[in-house]
Each structure stands twice: as C-alpha cells, then as structure tokens.
Amino acid sequence: PGRMYSMRIIAGSLKGRRLFTPKDRAIRPTSDRVRESLFSILGARVVDAQFLDLFCGVGACGIEAISRGAAHVTFVDESRESLRLVRQNLEKCGIAVQGMLVQGRIPEDLRDSMPPFHLIFADPPYAYTRYEALLAAIQEKGLLLPDGLVILETSRACVLPDCVSSLRKSDCRVYGDTALSFFS
C-alpha cells in the first residue's frame, strides 16, 4: 500500500510500464540513464538470453531484459522486501512466468543447481567489497556460459581486479558516480 511509481521500463515490449518501488531509499535502483546505456551496449545479446539479476532490488534491470527479449530472468536478493516488490512488478507486467525469485546472500547462496547464464548483472550496495569472491563464485559454480558476460555496477571510485580466475575485465564505462565493468 502507498507504493510509489518512479521507475519505468525504457524500451521493448513493456516500454513505459511503471514499477513498484520502495517508499524509503533502502534500495538504490540503477538510474534510467545507466540502465539505458547498459542495454544499448548489450544490444542483441539480450534476445533469448538467460539473465541473472543479482542484488536485484525491485527487479528493474531483469524486467528491462525481459522487455527487450530475454527468455528468462533469475532474480536474487537477500532482502525479502526486494523480492516482494520484484514479484509485484513481474505480476503487474504480466511476465511472472519468465522470472524466478531466489532469496539468499551473495555469493554464499548462489546455487550450483542454477543453469548457466548468458548475462549476469550484479548491482550490489556501494558499500559491498566482495567483488573478487563474487566473480570467483560465478566461475566456480559454472554460472556463466562460455560466451557469457558478467556486468558489475559499482561506484566510480571502486577498484576492481582486471581478472579473477578465468574472468577478465573487457570494458569499463563511467556514468557520473556509477561505473559498469564487463567481464568475460
């Protein structure tokens, strides 16, 4: 009750749909500008993709992926409130069958039983420091398909390693205080 709509889907089949967002600022959503840039970089890679949305917040990035043609999105967050909002947003957009919700700590609770993904997007809180452990877990659990891509959204000031196990940083783009780093 009393949920505000301030985020919207930028493009694709769900373009213009508004999403439920939390009243407080406990969840820091990816800005429309950064989301638009991310998906313009990904382009056709999103179509028919298996997409993993880590630290999913209200699900805006994963829902944007579905809107742009992703086959399925797995949403993972530690927060029950976040996942409740994701479920509401999936239902509101009529795409609940294309999403799976997983509650758990990242990277500890990432499952070996998850299928591998074409695209893995992670937008942890800016205070998060376990990027190496996250990338290592993605690799160890076989969560990324051979031609897949991991995208980490961080603060501009965050310094990430150039490689973790066989994942290498291939690109980094900065948008104001936000950086997107691409690993393959």
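The structure under discussion appears in the preceding block.
Quantities reported herein were computed from a predicted structural model and do not represent experimental measurements.

1. Observations regarding the packing of aromatic side chains
Aromatic rings in a pair are described by how distant their centres are and how their planes are angled relative to each other.
Reasoning step 1: As enumerated under the stated definition, the model contains three aromatic pairs in all.
Reasoning step 2: Pairing Phe55 with Tyr128 gives two aromatic rings, centres 5.0 Å apart and planes at 70 degrees, and the pair type is edge-to-face. One end of the pair, Phe55, is in the loop between strand S3 (50–54) and helix H2 (60–67); the other, Tyr128, is in the loop between strand S6 (117–122) and helix H4 (131–140), and 73 residues separate them in sequence.
Reasoning step 3: When its relative accessible area of 14% is taken as the criterion, Tyr128 is described as buried.
Reasoning step 4: On the basis of an interplanar angle of 85 degrees and a centroid distance of 5.2 Å, the ring pair of Tyr128 and Tyr131 is categorised as edge-to-face.
Reasoning step 5: With relative accessibility at 5%, the residue Tyr131 sits in the buried group.
Reasoning step 6: The rings of Phe55, Tyr128 and Tyr131 are connected pair by pair, giving a single aromatic cluster.

2. What about H2?
Reasoning step 1: Among the eight residues of H2, eight are classified as buried, and the element is accordingly described as predominantly covered.
Reasoning step 2: Among the residues of H2, Ala60, Cys61, Gly62, Ile63, Glu64, Ala65, Ile66 and Ser67 are the ones counted as buried.

3. Things to note about the nonpolar core
Reasoning step 1: One finds Leu38, Leu42, Ile63, Leu119, Ile151 and Leu180 to be the most contacted residues of the largest nonpolar core, which totals 35 residues.
Reasoning step 2: Those elements giving two or more residues to this core turn out to be strand S2 (18–21), helix H1 (32–42), H2, strand S4 (72–77), helix H3 (80–92), S6, strand S7 (144–155) and strand S10 (178–183).
Reasoning step 3: Counting residues per element, this core draws most heavily on H2, at five residues.
Reasoning step 4: Among residues more than four places away in sequence, those in contact with Leu180 are Val34, Leu38, Phe121, Ile151, Leu152, Glu153, Asp171, Cys172, Arg173 and Tyr175.
Reasoning step 5: Formed by 25 residues, the second largest nonpolar core is a distinct cluster that contains Phe117, Ala122, Leu135 and Leu144.

4. Digging into the pairing of strand S9 (residues 167–175)
Reasoning step 1: When strand S8 (residues 163–164) meets S9, the two strands line up antiparallel, connected through two bridges. Within the sheet, the bridge partner assigned to Cys163 lies in S9 and is Arg168.
Reasoning step 2: Hairpin remark: S8 followed by S9, antiparallel, with two residues in the connecting loop; positive phi at Ser165, about 45 degrees.
Reasoning step 3: One ladder, built from six bridges, connects S9 with S10; its direction is antiparallel. Considered in S10, the bridge of Asp171 is made with Phe182.
Reasoning step 4: Counting the residues between successive antiparallel strands, the hairpin from S9 to S10 contains two residues, one of them, Gly176, with a positive phi of roughly 60 degrees.

5. Quick word on the side chain of Thr74
Reasoning step 1: Within the secondary structure, Thr74 is located in strand S4.
Reasoning step 2: Classification of Thr74 by relative accessible area gives buried; the value is 2%.
Reasoning step 3: The residues contacting Thr74, other than those within four sequence positions of it, are Phe51, Leu52, Asp53, Met100, Val102, Met114 and Phe117.

6. Things to note about the state of the cysteines
Reasoning step 1: A full pass over the atoms with the stated rule returns zero disulfides.
Reasoning step 2: In this structure Cys61 is not part of a disulfide, and its nearest cysteine sulfur, from Cys56, lies 10 Å away.
Reasoning step 3: Its relative accessible area of 4% is what places Cys61 among the buried residues.
Reasoning step 4: Between Cys158, a free cysteine, and Cys172, which holds the nearest cysteine sulfur, the sulfur-to-sulfur gap is 9.3 Å.
Reasoning step 5: What makes Cys158 partly exposed here is its relative accessible area of 24%.

7. Observations regarding H4
Reasoning step 1: Inspection of H4 places Tyr131, Leu134, Leu135, Ala136, Ala137 and Ile138 among the buried residues, and these make up the whole buried set.
Reasoning step 2: In this structure, the buried side of H4 is in contact with S3, S6, S7, S8, S9 and S10.
Reasoning step 3: Just downstream of H4 lies Gly142, where phi reads positive at about 65 degrees.

The rules we used
Residues numbered from 1 in each chain as written. Predicted model: local features only at pLDDT ≥ 70, side-chain atom pairs only at ≥ 80, totals over all residues. Heavy atoms only, no water. Phe/Tyr/Trp six-rings, centres within 6.5 Å; stacked < 30°, edge-to-face > 60°. Helix = DSSP H or I, 4+ residues; strand = E, 2+ residues; numbered from the N terminus. Buried < 20%, exposed > 50% of the residue type's maximum accessible area, 1.4 Å probe, protein only. Core = buried A, V, L, I, M, F, W, Y, C linked by side-chain atoms within 4.5 Å. Contact = heavy atoms within 4.5 Å. Pairing = 2+ DSSP bridges. Disulfide = S-S within 2.5 Å.

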